[in-house]
Amino acid sequence: MGKLEKVVVTGYSDDRFSATAGSYTLRINPATFTQSAKTTYSPNRTTDTAGRIMRYVTIEPQTVSFEFYLDATGVIEGIDSVADEIAKLKQVAYDYNGSIHSPNYLHVVWGRALDFKCRLKSADVEYLLFDPDGTPLRAKVKASLVEFVSAAELARRANKSSPDLTHARVAVAGDTLPLMCFRIYGDSRYYLEVARYNGFIDFRNLQPGTRVLFPPLEGTS
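Source: prediction; values computed, not measured. (Residues numbered from 1 in each chain as written. Predicted model: local features only at pLDDT ≥ 70, side-chain atom pairs only at ≥ 80, totals over all residues. Heavy atoms only, no water.)

All chains considered together, the criterion is met by 7 salt bridges. Lys-140 is paired through a salt bridge with Glu-126; the nearest N and O atoms lie 3.7 Å apart. Here the residue Lys-140 occupies a position in strand 9 (residues 136–147), and Glu-126 occupies one in strand 8 (residues 114–130), the gap between them amounting to 14 residues. A relative accessible area of 36% places Glu-126 in the partly exposed class. (Salt bridge = Lys/Arg side-chain N within 4 Å of Asp/Glu carboxyl O. Helix = DSSP H or I, 4+ residues; strand = E, 2+ residues; numbered from the N terminus. Buried < 20%, exposed > 50% of the residue type's maximum accessible area, 1.4 Å probe, protein only.)

With 25 residues, the main nonpolar core has Leu-70 and Leu-145 as its most contacted residues. Secondary structure elements with two or more residues in this core: strand 6 (63–71), helix 1 (82–93), strand 7 (105–110), strand 8 and strand 9. If you tally residues by element for this core, the top one is helix 1, at 5 residues. For Leu-145, the residues in contact, after removing those within four places along its chain, are Gln-62, Thr-63, Val-64, Phe-66, Leu-106, Val-108, Phe-116, Cys-118, Arg-119, Leu-120 and Lys-121. Counting residues in each nonpolar core, the second largest holds 14 residues, with Met-180, Cys-181, Tyr-185 and Leu-206 among its members. (Core = buried A, V, L, I, M, F, W, Y, C linked by side-chain atoms within 4.5 Å. Contact = heavy atoms within 4.5 Å.)

The backbone of Phe-17 shows a phi angle near 60°, a positive value even though the residue is not glycine. Mapped onto the elements of the fold, Phe-17 is located in the loop between strand 1 (8–12) and strand 2 (20–25). A relative accessible area of 13% means that Phe-17 is categorised as buried. Positioned with a positive phi, His-101 is a non-glycine residue whose angle comes to about 60°. Residue placement: His-101 occurs in the loop between helix 1 and strand 7. Exposure remark for His-101: the relative accessible area of 60% places this residue in the exposed category.

What follows concerns the pairing of strand 6. Where strand 3 (residues 33–36) and strand 6 come together, 4 bridges link them in antiparallel fashion. Along strand 6, the bridge assignment pairs Thr-34 with Ser-65. Where strand 6 meets strand 9, 9 bridges bridge the pair, whose relative direction is antiparallel. Bridging across to strand 9, Ser-65 finds its partner in Ser-144. (Pairing = 2+ DSSP bridges.)

Attention shifts here to the sheet that holds strand 3. With antiparallel pairing, 7 strands are arranged side by side in an open sheet as 2-1-7-8-9-6-3. Two strands lie at the open edges of the sheet, namely strand 2 and strand 3, each paired on one side alone. Across the sheet, the mean angle from the axis of one strand to that of its neighbour is 30°, orientation sign disregarded. Its contacts with the sheet put helix 1 on strand 1, strand 2, strand 6, strand 7, strand 8 and strand 9, and the angle it makes with strand 2 is roughly 145°. (Axes fitted to C-alpha atoms, helices over the stretch in contact; angles between N-to-C directions.)

Listed below in structure tokens is the structure:
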């Protein structure tokens, strides 16, 4: 059985994750965590009156959420005050960092289970147990994190394949200009504009090996 790894939340004051701004280690690991991924589509205009094609728009930032406990009853070593623990966590993940005019960038690591660069979206604290004088002794924290992706990483993921950019394709056997337009733009009706852009006279007989340029066209984004 491997070594017990604790969840570590490290704050950074730059989006390259090079300048550390403190860290917080959970004393009690979550029992589970949820990682969510979402893709956005929108209806695309089409000449097909039988229905509408859902066209890819973007991949939304992933989210991670989990719950963990803070216990200052004496059963957990190292926790003397629930309020102090919450303050330490907020200093790393929530408080305003004047050098970047926002809360810190975060890197959340839990052994091999989770490695997530993100920002804190929300943190809900539910107080569960109190001392007779009202001091909180136990609390449950529900944390929600949203993935942080740098501009450079977004460009890498896009891989210059968007129809908002001019790019080239080489026709293969069986390709037609309407079919290739459908692959690029999600709609075959742009074939006349692409033919004019490329200077094709007989676009109906697209020969294998023909290099076709697909420019950004209004209405395709």
